[in-house]
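# Observations on the model geometry
One-letter residues, chain by chain:
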Amino acid sequence: MTTMNPLTQDELKTLVGQAALQYVVPGEIVGVGTGSTVNKFIDALAGMKDQIKGAVSSSVASTERLKALGIAVFDANEVESLSVYIDGADEIDGRGHMVKGGGAALTREKIVAALAARFVCIADESKLVQALGQFPLPVEVIPMAANHIARRFAAMGGQASLRLKDGQPLVTDNGQHILDVKGLSITDPLAFESQINQWPGVVTVGVFAHQKATVCLLGTAQGVKTLDYSR
Ligand code: 5RP
């Protein structure tokens, strides 16, 4: 008797990256997110690069990968709207609300998502959660406000730490810093996102509830499942 090895997380990411091609509209510009799952999508997109006009990218890293594969990259200011934005997530709940920013690209991701009519989330099944908040919440902040914002999170039961890279504060593509906040209970993602975005010095909070997913292509042991959040 032969037993099948379960697909690895990397293989699940490849599956959903390829499945996302069905949402790319020929002749148009596609919004492209950031991360290891999106890298699989970018690699698959290279196979249809002659059928699209190009991409709007959410990070320097994705821009470099797109260009290396011969896909034209447009500035977000050059487009009025996009049909679709394709990106990963650190967590996604049963209503399409997400936590994002594990790759520090949350601000540009939210901007490109806001341009798009549909947000197609691509994720392996480990990202699907009952409620947001297990993954430390990324928040992009103006550096001089970091400690003040950390104290405000502490007052609501969170523990914020400055994200480091090579022992130094990580600097985002926008020249800012990232706080990762543990211990939060995000029961109302829409209200939470609105509330934190009001705090002085917060550039972007990594809850994507106002820009939630329209659909999620979820990589599972049984194949790609489509979760539709549009209704
Ligand atoms: C980057 C993001 C990514 O979408 C998120 O971190 C998921 O990444 P990966 O596909 O590598 O698991 O929000 O800022």
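Residues numbered from 1 in each chain as written. Predicted model: local features only at pLDDT ≥ 70, side-chain atom pairs only at ≥ 80, totals over all residues. Heavy atoms only, no water.

## A few points about the packing of aromatic side chains
Describing an aromatic ring pair means giving the distance of the ring centres and the angle of the ring planes. Under the counting rule described, the total for this entry stands at 2 aromatic pairs. Consider the rings of Tyr85 and Phe119, whose centres lie 5.0 Å apart with planes at 90°: the pair is edge-to-face. Here Tyr85, found in strand S4 (residues 82-87), pairs with Phe119, found in strand S7 (residues 116-124); they are 34 residues apart in sequence, far enough to count as distant. Relative accessible area serves as the criterion here: at 4%, Phe119 is assigned to the buried category. Stacked on the ring of Phe208, the Lys or Arg Lys100 has its end atom at 5.5 Å from the ring centre. Over the face of the ring belonging to Phe208 we find Lys110, whose NZ or CZ atom lies 4.8 Å from the ring centre. (Phe/Tyr/Trp six-rings, centres within 6.5 Å; stacked < 30°, edge-to-face > 60°. Helix = DSSP H or I, 4+ residues; strand = E, 2+ residues; numbered from the N terminus. Buried < 20%, exposed > 50% of the residue type's maximum accessible area, 1.4 Å probe, protein only. Lys NZ or Arg CZ within 6 Å of the ring centre and 35° of its normal.)

## A word on the nonpolar core
In this structure, Leu82, Ile92, Met98, Phe119, Cys121, Ala213 and Cys216 are the most contacted members of the largest nonpolar core, which totals 24 residues. When contributions to this core are tallied by element, the ones reaching two or more residues are S4, helix H4 (106-115), S7 and strand S15 (215-220). Here Ile92 is in contact with His97, Met98, Cys121, Lys127, Leu128, Val129, Leu132, Ala213, Cys216 and Tyr229, once residues within four sequence places are set aside. Val32, Ala55, Val84 and Val120 belong to the second-largest nonpolar core, a separate cluster that totals 22 residues. (Core = buried A, V, L, I, M, F, W, Y, C linked by side-chain atoms within 4.5 Å. Contact = heavy atoms within 4.5 Å.)

## Topic: a nonpolar patch on the surface
Together, Ile142, Met144 and Val203 line one region of the surface with nonpolar side chains, adding up to about 300 Å² of accessible area. Considering the arrangement of structural elements, one finds Met144 in the loop between strand S8 (137-141) and helix H5 (146-155). Using a relative accessible area of 79% as the deciding quantity, one classes Met144 as exposed. (Patch = residues over 30% accessible without salt bridge, like charges linked within 9 Å, V, L, I, M, F, W, Y side chains within 5 Å. Areas by Shrake-Rupley, 256 points an atom, 1.4 Å probe, with all protein chains shown as cover. Salt bridge = Lys/Arg side-chain N within 4 Å of Asp/Glu carboxyl O.)

## A word on the site of the ligand
Taken together, 17 residues surround the ligand, and among them Ser36, Thr37, Asp90, Gly101 and Lys127 come closest. Between the ligand and the protein, one listed contact pairs an oxygen atom with a backbone N or O atom of Gly102 at 3.4 Å. Backbone polar atom of Gly103 to an oxygen atom of the ligand: 3.2 Å apart, as the coordinates give it. Calculation on the ligand without its partners gives an accessible area of 380 Å², and the protein chains cover 91% of this total. Taken together, the residues of the shell around the ligand sort by class into 3 nonpolar, 8 polar and 6 charged. (Near = heavy atom within 4 Å. Polar contact = N/O pair within 3.5 Å; in protein donor to acceptor, adjacent residues only side chain to side chain. Nonpolar A, V, L, I, M, F, W, Y, C, P; charged D, E, K, R; others polar.)

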